[in-house]
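Spelled out from the first residue to the last, the chains are:
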Amino acid sequence: MKKNLPLIIIGAVVLITVFWFIGAQNGLVTKEEAVTASWSQVENVYQRRMDLIPNLVETVKGYAAQEEEVFTKVTEMRSRVGQMTISEEMLNNPEALQRFQSAQNELGGALSRLLAVSENYPELKSNQNFLALQSQLEGTENRITVERRRFIQTVQDYNTAIRRFPTSLVASIGGFDKKATFSAAEGADQAPDVEF
């Protein structure tokens, strides 16, 4: 029995190491899939916003035909965002994610200008269709914020896991790469000027 003891100890260490490696690999796969699922939810709420825009634009157009520049900008931005290819590779490419985020920010700005135009038309502000669409859009913008926050947290959890030792060894062997995440829009750290 004493002769076999070193072999038993070596076998146990190897077995424990193999089981740990498998557990770490499965944990990283789970975290990576959570990032993908979280990203899908971000895309889902962005799509909801995209679907609401034509209805909102048409409702406002009926009341404010002379605001063609605003309608054109919103339509152009929606088209630009709609043409962007959204794929899982975007999560591995910070520049592509930044371009996507920038286009979404521009679309949000155009929508804000559209809603500001509505302030000039009291009969539009009392239209039930407009009020319902405006409420849905506000709710969607809140959902976008919530889902982006969840995505950022999920990516942070994943990126931390692949960098922590000894899991970083499994990550490098398994090809787990750092995922891109959202960052604040340029100038978001400065308060806007409000003039009356």
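Preceding this section is the structure that the text describes.
All of the points below concern the structure found in this document. (Residues numbered from 1 in each chain as written. Predicted model: local features only at pLDDT ≥ 70, side-chain atom pairs only at ≥ 80, totals over all residues. Heavy atoms only, no water.)

## Side note on helix α6 (residues 167-174)
Since the α-helix advances by 3.6 residues per turn, residues separated by three or four positions end up pointing in the same direction. If you check which residues of α6 are buried, you get T167, S168, V170 and A171. Each buried residue of α6 sits inside an arc of 160 degrees when the element is viewed along its axis, so together they form one side. Structural note: α6 exposes S172 and I173 on the side pointing more than 90 degrees away from its buried face. The first or second residue beyond α6 is G175, which carries a positive phi of 75 degrees. (Buried < 20%, exposed > 50% of the residue type's maximum accessible area, 1.4 Å probe, protein only. Helix = DSSP H or I, 4+ residues; strand = E, 2+ residues; numbered from the N terminus. Arc of directions from axis to C-beta.)

## Description of the nonpolar core
If you look at the biggest cluster of nonpolar residues, it comprises 23 residues, and the most contacted ones within it are L28, W39, L97, F151 and F182. Counting residues per element, the ones that place at least two in this core are α1 (5-63), α3 (94-118), α5 (128-163) and α6. In terms of residue count, the dominant contributor to this core is α1 (seven residues). Listed in part, the 22 residues of the second largest apolar core include L52, L56, V57 and L137. (Core = buried A, V, L, I, M, F, W, Y, C linked by side-chain atoms within 4.5 Å.)

## With respect to the pattern of salt bridges
If charged atoms from side chains of opposite charge come close, those side chains can pair. Evaluation of the coordinates by the stated rule reveals four salt bridges. Between D157 and K31 there is a salt bridge, with its nearest N and O atoms 2.9 Å apart. In this pair, D157 sits in helix α5 while K31 sits in helix α1, placing the two residues 126 residues apart along the sequence. D157 gets classed as partly exposed once you look at its relative accessible area, which sits at 40%. Notably, a salt bridge pairs K179 with E32, separated by 3.2 Å at the nearest N-O pair. Placement of K179 in the segment after α6 and of E32 in helix α1 is noted, with a sequence separation of 147 residues between them. For the pair K179 and E32, a shared accessibility class is recorded, and that class is buried. (Salt bridge = Lys/Arg side-chain N within 4 Å of Asp/Glu carboxyl O.)

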